[in-house]
Amino acid sequence: MSLILILEQSLNGLQFGLMLFLLAAGLTLVFGIMDMINLAHGSLYMVGAFLAATLVQATGSFALGVLLSIPATAAVGMLLEVAVLRTLYARDHLSQVLATFALILIINELVRMIWGSDMPLSAPGALAGPVQLLPGMPYSAYRLLIIGVGLAVAVLLYFVVTKTRIGMLVRAGASNREMAMAMGVDIKRLFTLVFGFGAALCAIAGAMLGPILAVQVGMGENILILAFVVIVIGGIGSIRGALVGAVLVGMVDTLGRAFIPQILREFLTPAFAGAIGPALASILIYLIMAGVLFWRPQGLFPARG
Amino acid sequence: MQRALTIVVLLLAVAFPIAMQAIDQTYYVTMASRILVYALAATSLNLLLGYGGMISFGHAAFVGAGAYTASIMIAEGLPSAWIGWPLAMAVSGLLALAIGAISLRTRGVYFIMITLAFAQMIYYLTVSMKAYGGDEGLTLTQRATIGFGFDLKDDATFYYVVLTLLVGALYLISRLVNARFGRVVQAIRENEARMEAIGYPAFRYKLIAFVLAGMLGGLAGALLANQNSYVNPGILHWTESGKLMIMVILGGVGHLYGGVFGAIGLLGLEEVLANHKIAWLAALYPNYQQHSLLGVGLAMLAVVLYAPQGIAGIFRRKRHD
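Predicted model, so just to flag it, every value in this text is computed and none were measured.

Regarding the overall build of chain B
Helix and strand counts for chain B come out as 14 helices and two strands. Its C-alpha atoms give chain B a radius of gyration of 20 Å, within 12% of the compact-globule value 20 Å for 321 residues. Principal-axis analysis of the C-alpha atoms gives chain B an extent of 60 × 55 × 40 Å. For chain B, buried positions account for 48% of its 321 residues. Nonlocal contacts in chain B, meaning residues at least 24 apart in sequence, comprise 76% of its contacts between residues at least 6 apart.

Structural data, given as structure tokens:
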């Protein structure tokens, strides 16, 4: 377990965590403001990735394709909100879970009808190789780009939410929806906007992770659950909580998978460690989530003061 | 009136394999067993969703634990259903006891999320069970044995066993929800604080209901593993929990037969869309059979949006008119 390996895996964890943050940020606002469980959020991530793959192919440029996929996915998200999700806000959580679960099936099949089961999307050629980060430590240039994009979006999001008028309205909506409405905020329109914004973030995550994880139908389903883990840990409705939770989940998951089997081998027989190590690594983040829910159900950074 | 209807339906269910044998369509017997197994799983979840008001998003964990327990018993050379199935129920029940004891201390959306978290843990545990197939799953060399000259390999026999267990479970639940215990659980759903105030230990009642639902889910899992002669972590995936919830709401939340209606509705719809050519749909979109889940999704969405009472709600409304 060399230092360089730890450093490398930490960067991988950060990279994954930042992409989780992009997914969780939209999800937590939807959850926080409208008290709505949206399982179809992962579908927008998938749609974003497919749109990006198509547009990259059409334009011949990775950057241009990804940039174009962002407003396109935002439009899909807003359409979805106006057409279906809007009617679900007043319903109970059970109905929301079921309706958005139905949307997952519908969107999966629509994507399959339009694009087929998967699409090729590869990192731009210039970034395909590694760069020498430290002496003796090469690191994937593309993953560095993901980290850069993730950090840039996080800073931008922080600026929008804390410094602009629209961000103020979003925070007002998240901390007390009724009061915000009483003060004259057009929650309905605000929410369509927030939803489109969340979809745009999904597109960035889908497009950036596409070359690493493969663009295929069903790609949103597992990562969606991770995004829920993130927002529950961070505190529902809190952007800051989503960032902390996402980096925590990304780090714990990546480092756990890389090192827990090795660490266990120090204490246990190799056969037993080999069997239990991967399980423990996969379970760790859910243990953290259950612990947070048990001891601090409002999350690490509660949005409602 | 309702009793007469129940008896007629039961007689039809008993006659079904004989009729199918007569017209040489035994494929439908296998399918009917599958529907009945899912009906049992959905009914056990309905106990939580409908009667207890506990929105558990992790029921597949109990079904899966039962399925794995029953399968492992067969793989280890103890195929007797008299040992394997009660053990499956016990394992799922104990799991429900542990998960419920922690989860039931949370409320509302946090309960949904914590049950999901625990189900994910069990999912990854089964993935890592390399000795029993891990990711690949476990193929059973035989079905469980029940003795007395019956052979579960015979699909009609298996059907009757499943039917008997389902009817038994439904009878048990119908007695239970109208007994003192069931009344208390339903009252807690309506107003937990008030029930606490007049002296009922709400947590204990909810936990018992949770364990009971887990045990019935485990039994359904044991049956499912035998039905497929195969088990893999896929049956613990969170989308399976979602599917069971869909069945409950499609059939009717809090209705005795909600789970049964839902299983028939959902699996029947899947079957019809995937395996039967419907002329006008084919004219509309030739490859529609490959995208049968689209139809399932649209139907589900329509039910949630326009018929929140589910299939049972249709019957209920008719009776009141």
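Here's the deal with the overall build of chain A
Helix and strand counts for chain A stand at 11 helices and four strands. At 20 Å, chain A has a C-alpha radius of gyration in line with the 19 Å of a compact globule built from 305 residues. For the C-alpha atoms alone, the extent of chain A along its principal axes is close to 60 × 50 × 40 Å. Out of the 305 residues in chain A, the part that is buried amounts to 52%. Long-range contacts, defined here as pairs at least 24 residues apart, represent 76% of the contacts in chain A between residues at least 6 apart.

Remarks on the interface of chain B and chain A
Listed as interface residues are 36 residues of chain B and, on the opposing side, 33 residues of chain A. Here the element with the most residues in the side of chain B that touches chain A is helix α5 (residues 108-127) of chain B; it accounts for 11 residues. Here the residues of the side of chain B that touches chain A sort into 27 nonpolar, seven polar and two charged.

Observations regarding the pairing of strand β2 (residues 130-134) of chain A
Residues and elements named next belong to chain A. Examined bridge by bridge, β2 and strand β3 (residues 137-140) share four bridges and lie antiparallel to one another. Across the sheet, residue V131 finds its bridge partner in β3, namely Y139. Here β2 folds back onto β3, and the loop between the two strands holds two residues, one of which, G136, carries a positive phi near 80°.

Some points on unusual backbone geometry
With a phi angle near 85°, A:A214 is a residue other than glycine that sits in the positive phi range. You can see A:A214 is positioned in the loop between α8 (187-213) and β4 (215-216). Notably, B:S229 is not glycine yet its phi reads approximately 50°, a positive angle. Along the polypeptide, B:S229 turns up in the loop between α9 (202-228) and β2 (230-231). Here B:S229 falls in the partly exposed class, since 15 other C-beta atoms lie within 10 Å of it.

Some points on the nonpolar core
The nonpolar side chains of soluble globular proteins are, as a tendency, buried together. Ranked by size, the top nonpolar core spans 213 residues in total, and within it A:L20, A:A24, A:L98, A:A227, A:V229, A:V230 and B:L40 carry the most contacts. The element that contributes the greatest number of residues to this core is helix α1 (residues 3-34) of chain A, accounting for 16 residues. Filtering out sequence-adjacent residues up to four positions away, A:A24 remains in contact with A:A227, A:V230, A:I231, A:A242, A:G245 and A:A246.

Some remarks on helix α9 (residues 219-234) of chain A
Taking 1.5 Å per residue as the helical rise, α9(A) with its 16 residues ought to reach 22 Å, and the 23 Å between its terminal C-alpha atoms agrees with that figure. By the criterion of burial, α9(A) is predominantly enclosed, with 14 of the 16 residues buried.

Considerations on the environment of A:M34
Residues and elements named next belong to chain A. As for its placement among the helices and strands, M34 is situated in helix α1. Spatially, the C-alpha atoms of M34 and I187 are 9.2 Å apart, while their sequence positions differ by 153 residues. When residues no more than four places from it in sequence are discounted, the contact partners of M34 are Y89 and F191.

Points about the packing of helix α2 (residues 41-59) of chain A against α8(A)
Residue and element names in this part refer to chain A. Across the interface, α2 lies against α8 with an axial gap of 7 Å and an inter-helix angle of 55°. Relative to α8, the element α2 lies oblique. Between α2 and α8 lies a crossing whose hand is right-handed. Contact residues: α2 offers H41, L44, Y45, M46, G48, A49, L51, A52 and A53, while α8 offers A199, C202, A203, A205, G206, A207 and G210. Looking at the contact of α2 with α8 residue by residue, the classes come out as 12 nonpolar, four polar and no charged.

Quick notes on the packing of α1(A) against helix α5 (residues 141-163) of chain A
Residue and element names in this part refer to chain A. At a minimum axis distance of 9 Å, the contact between α1 and α5 shows a crossing angle of 40°. In terms of orientation, α1 and α5 fall into the oblique class. Pair α1 / α5 crosses with left-handed handedness. Seen from α1, the contacting residues are L11, N12, L14, Q15, L18, M19, F21, L22 and A25; seen from α5, they are R143, I146, I147, G150, L151, V153, A154 and L157. Partitioned by chemical class, the residues of the contact of α1 with α5 number 13 nonpolar, three polar and one charged.

A short note on the confidence of the model for chain A
Across chain A, pLDDT averages 88, with 99% of residues at or above 70. When mean pLDDT is taken per element in chain A, α2(A) scores highest with 94 and helix α7 (residues 177-182) of chain A scores lowest with 80.

Looking at the environment of B:R34
Residues and elements named next belong to chain B. Among the secondary structure elements, R34 is positioned in helix α2 (residues 27-52). Since 19 C-beta atoms lie within 10 Å of it, R34 is described here as partly exposed. Spatially, the C-alpha atom of R34 lies 8.6 Å from that of Y159, the residues being 125 residues apart in sequence. With sequence-adjacent residues up to four places away left out, R34 is seen in contact with Q227 and L267.

Regarding the confidence of the model for chain B
Per-chain confidence: chain B averages 85 in pLDDT, with 98% of residues scoring 70 or above. Predicted complex metrics record ipTM = 0.84 and pTM = 0.87.

Quick notes on the rules
- Residues numbered from 1 in each chain as written.
- Chains lettered and ligands numbered in written order.
- Predicted model: local features only at pLDDT ≥ 70, side-chain atom pairs only at ≥ 80, totals over all residues.
- Helix = DSSP H or I, 4+ residues; strand = E, 2+ residues; numbered from the N terminus.
- Rg over C-alpha atoms; globule rule 2.2 N^0.38 Å.
- Buried ≥ 20, exposed ≤ 12 C-beta atoms within 10 Å, placed from the backbone.
- Contact = placed C-beta atoms within 7 Å.
- Nonpolar A, V, L, I, M, F, W, Y, C, P; charged D, E, K, R; others polar.
- Pairing = 2+ DSSP bridges.
- Core = buried A, V, L, I, M, F, W, Y, C linked by C-beta atoms within 7 Å.
- Expected span 1.5 Å × (residues − 1).
- Axes fitted to C-alpha atoms, helices over the stretch in contact; angles between N-to-C directions.
- Parallel < 35°, antiparallel > 145°, perpendicular 65-115°, else oblique.
- Left-handed = near helix turned anticlockwise from the far one by under 90°.
- pLDDT = per-residue confidence, 0-100.

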